[in-house]
Amino acid sequence: MPTTLGPPRPVTRRKTRTMPHSPRPSVHKGSESVDDYLKAIFALGGAEGRRVGSTALAERLKVAPASITNMLQKLAAAQNTLVDYERHRGVRLSPLGRRRALEIVRHHRLIETFLHRMLDYDLNELHDEAERLEHFISERFEARIAAKLGHPDRDPHGACIPALDGTMPQGHRVTCKCPE
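Residues numbered from 1 in each chain as written. Predicted model: local features only at pLDDT ≥ 70, side-chain atom pairs only at ≥ 80, totals over all residues. Heavy atoms only, no water.

Draft legend 1. Region of the structure containing the environment of His88. Relative to the elements of secondary structure, His88 occurs in the loop between strand 1 (83-86) and strand 2 (90-93). Along the backbone, His88 and Gly53 are 35 residues apart, and their C-alpha atoms lie at a distance of 7.8 Å. (Helix = DSSP H or I, 4+ residues; strand = E, 2+ residues; numbered from the N terminus.)

If you want it as structure tokens, here you go:
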């Protein structure tokens, strides 16, 4: 005996929840790979924003030099370019790229601090875990972590945590242990 499913149900649309406005608009949401490139360029170029060679970038990211060139060309050709790339001269971050790199560095260092203080992770476990999570947290989650931790300006390794506006705390490059 066949069963009937009854009359079709009307389609109802779910209300979209609007999130409160973030204190900082998201700069350029790219892929994890793009974020990793930006972070590496930032680390290798230092606070001065020196040009970084493809070889150094390839070594840092453990990627083939041809892949580096392809990605840098892609990033430089984007409408809202994140990098200033010149063949044989290297790459440096554009102002937009620097903002995004600092945002990812902030995420990474806040996550490390949260994992260490709140979840008792050992120092040697922090980096890999934060590396996986840094790309995926929302600005709201970032703000809550920062508030819960009392808005720290250093991570457990002694590296500066960039402020929301991308500035570094007082004492940066003097009393900190920042890798860049």
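Draft legend 2. Spatial organisation of the pairing of strand 1. Burial along strand 1 is one-sided: Val83 and Tyr85 are buried, while Asp84 and Glu86, pointing the other way, are not. The pairing of strand 1 with strand 2 spans four bridges and is classified as antiparallel. Following the sheet pairing, Asp84 is matched in strand 2 by Arg92. Counted between consecutive antiparallel strands, the loop separating strand 1 from strand 2 contains three residues, among which His88 sits at a positive phi close to 70 degrees. (Buried < 20%, exposed > 50% of the residue type's maximum accessible area, 1.4 Å probe, protein only. Pairing = 2+ DSSP bridges.)

Draft legend 3. Main features of the packing of helix 4 (residues 95-119) against helix 6 (residues 139-148). Direction vectors running N to C along helix 4 and helix 6 enclose 45 degrees, while the axes themselves pass 10 Å from each other. Considering their axes alone, helix 4 and helix 6 lie oblique with respect to each other. Where helix 4 crosses over helix 6, the handedness of that crossing is left-handed. Note on element contacts: helix 6 touches helix 4 through Glu139, Glu142, Ile145, Ala146 and Lys148, opposite Glu103, Arg106, His107, Leu110, Phe114 and Met118. In terms of residue class, the contact of helix 4 with helix 6 is built from five nonpolar, one polar and five charged. (Axes fitted to C-alpha atoms, helices over the stretch in contact; angles between N-to-C directions. Parallel < 35°, antiparallel > 145°, perpendicular 65-115°, else oblique. Left-handed = near helix turned anticlockwise from the far one by under 90°. Contact = heavy atoms within 4.5 Å. Nonpolar A, V, L, I, M, F, W, Y, C, P; charged D, E, K, R; others polar.)

Draft legend 4. Geometry of unusual backbone geometry. Even without being a glycine, His88 presents a positive backbone phi close to 70 degrees. Unusually for a residue other than glycine, Asp120 sits at a positive phi of about 60 degrees. Relative to the assigned elements, Asp120 resides in the loop between helix 4 and helix 5 (123-133).

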